[in-house]
Amino acid sequence: MNRNGWAAQLAEQHLSGPLQRRWEHSRGVGHKAESIADRLGADGQLLVDAAWLHDIGYAPMVASTGFHPMDGALFLRDVVGVDDRVCSLVAYHSSAVAEAARRGLFERLSAEFTPVGGLLADALTYCDMTTSPDGEPISAEERLAEILTRYGPGSLVAAAITEARPEILRAVDTVRSLLRRDQPR
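Residues numbered from 1 in each chain as written. Predicted model: local features only at pLDDT ≥ 70, side-chain atom pairs only at ≥ 80, totals over all residues. Heavy atoms only, no water.

## Comments concerning the overall build of the chain
- In terms of helices and strands, the chain carries 10 helices and zero strands.
- Going residue by residue from the N terminus, the α and β elements of the chain occur as α-α-α-α-α-α-α-α-α-α.
- In summary, the chain has a C-alpha radius of gyration of 15 Å against a globular reference of 16 Å for 185 residues, a match within 12%.
- Taken along its principal axes, the extent of the C-alpha atoms in the chain is 50 × 35 × 30 Å.
- Per-residue burial over the chain gives 52% buried out of 185 residues.
- For the chain, the proportion of contacts with a sequence separation of at least 24, taken over those separated by at least 6, is 68%.
- Of the roughly 8500 Å² of accessible surface on the chain, 51% is carried by carbon and sulfur atoms. (Helix = DSSP H or I, 4+ residues; strand = E, 2+ residues; numbered from the N terminus. Rg over C-alpha atoms; globule rule 2.2 N^0.38 Å. Buried < 20%, exposed > 50% of the residue type's maximum accessible area, 1.4 Å probe, protein only. Contact = heavy atoms within 4.5 Å. Areas by Shrake-Rupley, 256 points an atom, 1.4 Å probe, with all protein chains shown as cover.)

## Looking at helix 9 (residues 140-151)
- A rise of 1.5 Å per residue sets the reference length of helix 9, with its 12 residues, at 16 Å; its end C-alpha atoms lie 17 Å apart and thus fit the reference within 8%.
- Listed in full, the buried residues belonging to helix 9 are Ala140, Arg143, Leu144, Glu146 and Ile147. End-on, the buried residues of helix 9 take up no more than an arc of 160°, which puts them together on one face.
- Immediately beyond the C-terminal end of helix 9, within one or two residues, lies glycine 152, with a positive phi of roughly 90°. (Expected span 1.5 Å × (residues − 1). Arc of directions from axis to C-beta.)

## Thoughts on the environment of histidine 31
- Looking at the element boundaries, histidine 31 is found in helix 2 (residues 20-36).
- Of the residues examined, histidine 31 reaches a relative accessible area of 28% and is grouped as partly exposed.

## Digging into the pattern of salt bridges
- This model, assessed by the stated rule, comprises 16 salt bridges.
- Residues glutamate 163 and arginine 102 are paired through a salt bridge, measuring 2.4 Å at the closest nitrogen-oxygen approach. One end of the pair, glutamate 163, is in helix 10 (residues 156-182); the other, arginine 102, is in helix 6 (residues 96-102), with 61 residues separating them in the sequence.
- By relative accessible area, which is 47% here, glutamate 163 ends up partly exposed.
- Here arginine 102 falls in the partly exposed class, since its relative accessible area comes to 37%. (Salt bridge = Lys/Arg side-chain N within 4 Å of Asp/Glu carboxyl O.)

Here's what the structure looks like:
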């Protein structure tokens, strides 16, 4: 997959200056998606594009609701004109539904975007949740612990990530199993 594609360039344009650490994370997620995209066949490029763009909603000029998955997806759909499936992957990435519900945005999220499920959504969760904030490989358990520490106990994000934990770990395990099956023996 072409890491220098439009999605990587758009993410870099919006994240690299004001949110350098977020950009490093997005680069790591994008590179990881590129490394596994061939296992998703025709959906591989959707994974790569969504991986590069999954956190674009944090960009100051993009943020509107304060819920980065939806902000990013709305920007990508309404301003950039990105494929609906990429927008939906961004909107629902890494079990974002749990946080949307806590923010009172679940109904709006559901009205705006149709979830993409299956291996494609699991692969995006895998790429996101096995990449540290600095773009380095990390276990899903370490990443979940890092999120809890960063946001603090009692925070809305900590509560949402705790609720989503079983689904996130299931998605990561699904993709890991696929990757192990595909390794030469």
